[in-house]
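# Overview (structure and organization)
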Amino acid sequence: VKPLHRLAQYTISQQTLTMLRREEEGQIKADDSVDSRDKGGIKINIDSSSLWRIDSSKAGLLYLLRPDFPLLGETSIESDIVRREVRSAVAVACSQYKYDEIYGARRVEFGQTVTEYLGKSLVRSYLILDGFILGEIYLPPEQQEAVDRKARAEQSAQEAAFLAEKARNEAQAAIAEAEGQKQVVILQAQAQAEAVRVINEELGNSPYYVKYLYASKWDGALPVTLVI
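Residues numbered from 1 in each chain as written. Predicted model: local features only at pLDDT ≥ 70, side-chain atom pairs only at ≥ 80, totals over all residues. Heavy atoms only, no water.

## Quick word on the nonpolar core
By size, the foremost hydrophobic cluster in this structure holds 32 residues, and its most contacted members are Ile46, Trp52, Val86, Val90, Phe110, Leu122 and Leu127. The set of elements that each furnish at least two residues to this core consists of strand S1 (15–19), strand S3 (43–54), helix H1 (59–65), helix H2 (77–94), helix H3 (99–103), helix H4 (107–123) and strand S4 (127–138). Element by element, the count of residues in this core is highest for H2, at 8 residues. Residues within four places of Val86 in sequence aside, it is in contact with Leu17, Met19, Val34, Ser48, Ser50, Leu118 and Phe132. (Core = buried A, V, L, I, M, F, W, Y, C linked by side-chain atoms within 4.5 Å. Buried < 20%, exposed > 50% of the residue type's maximum accessible area, 1.4 Å probe, protein only. Helix = DSSP H or I, 4+ residues; strand = E, 2+ residues; numbered from the N terminus. Contact = heavy atoms within 4.5 Å.)

Shown next, in the form of structure tokens:
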């Protein structure tokens, strides 16, 4: 009599699928990066790590989907489902971006897009995505050189803007210093004028001021009286 039930066991711990271009690393000793095309048809290779686990509440359905498949190994749920869905999600996401966006300004957004697609596809296979980590991005030599040229141009522009701002600040400092010196001279002149005014005012109110004026204008000769 054949048994009516079979026992299948899966580990519920988190698994990591690492897919790299470098042959000496990763789980497959070959180029295991995802080969995709960007929005304009430019070839891109992408390294990644996907953190996944089975949905323990649907382990029976997973078994029916892939009977007698182990969780890990050359022919397994990981290789047959997870690896395939990672390649599919990355390819779909790549088709929505330009290569320089994926490589640069929209890299984070691209990674989030892959995560969204991959998470939904794994759920349909009774698996759960805990995280998708975007790794190295490899471009053809021509596109890599274009990205490098753009980066150098942006760096040069930033340096030029910094030098221009520095020159403006130095010029403004020089103008402020000159204006400050001008104000010092004006204040000194005003102080001297005020001092002269005070002296004149004080002397004008003094009975000795007329004598001071007379003495300052005397030529040293005594007056002469002529008697006829």
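## With respect to the environment of Arg84
Tracing the sequence through the fold places Arg84 in helix H2. Given a relative accessible area of 38%, Arg84 falls into the partly exposed group. Apart from the residues lying within four places of it in its own chain, the contact partners of Arg84 are Arg66 and Ser79. A polar contact is formed between the side chain of Arg84 and the side chain of Glu85, at a distance of 2.9 Å. (Polar contact = N/O pair within 3.5 Å; in protein donor to acceptor, adjacent residues only side chain to side chain.)

## As for the packing of H2 against H4
Orientation of H2 relative to H4, taken along the N-to-C sense of each, is 140 degrees, at an axis distance of 9 Å. Taken together, the axis directions place H2 and H4 in an arrangement best described as oblique. Crossing hand, H2 versus H4: right-handed. In contact with Ile81, Val82, Glu85, Val86, Ala89, Val90, Val92, Ala93 and Cys94 of H2, H4 contributes Phe110, Thr113, Val114, Tyr117, Leu118, Ser121 and Leu122. Residue composition of the contact of H2 with H4, grouped by class: 13 nonpolar, 2 polar and 1 charged. (Axes fitted to C-alpha atoms, helices over the stretch in contact; angles between N-to-C directions. Parallel < 35°, antiparallel > 145°, perpendicular 65-115°, else oblique. Left-handed = near helix turned anticlockwise from the far one by under 90°. Nonpolar A, V, L, I, M, F, W, Y, C, P; charged D, E, K, R; others polar.)

## Section: the side chain of Arg66
One can find Arg66 in the loop between H1 and H2. For Arg66, a relative accessible area of 16% puts it in the buried group. A polar contact of 2.3 Å, which involves the side chain of Arg66, links it to the side chain of Asp80. Contacts of Arg66, omitting those with residues within four sequence positions, involve Tyr10, Ile77, Asp80, Ile81 and Arg84.

## Comments concerning the side chain of Ser49
One can find Ser49 in strand S3. Side chain to side chain, Ser49 and Thr18 meet in a polar contact 3.3 Å long. In contact with Ser49, other than residues within four places in its own chain, are Thr16, Leu17, Thr18, Gly131, Phe132 and Ile133.

## Focus: the confidence of the model for the chain
The predicted model of the chain has a mean per-residue pLDDT of 83, with 79% of residues at 70 or higher. Of all the helices and strands in the chain, helix H6 (residues 208–217) carries the lowest mean pLDDT, 64, while H4 carries the highest, 96. (pLDDT = per-residue confidence, 0-100.)

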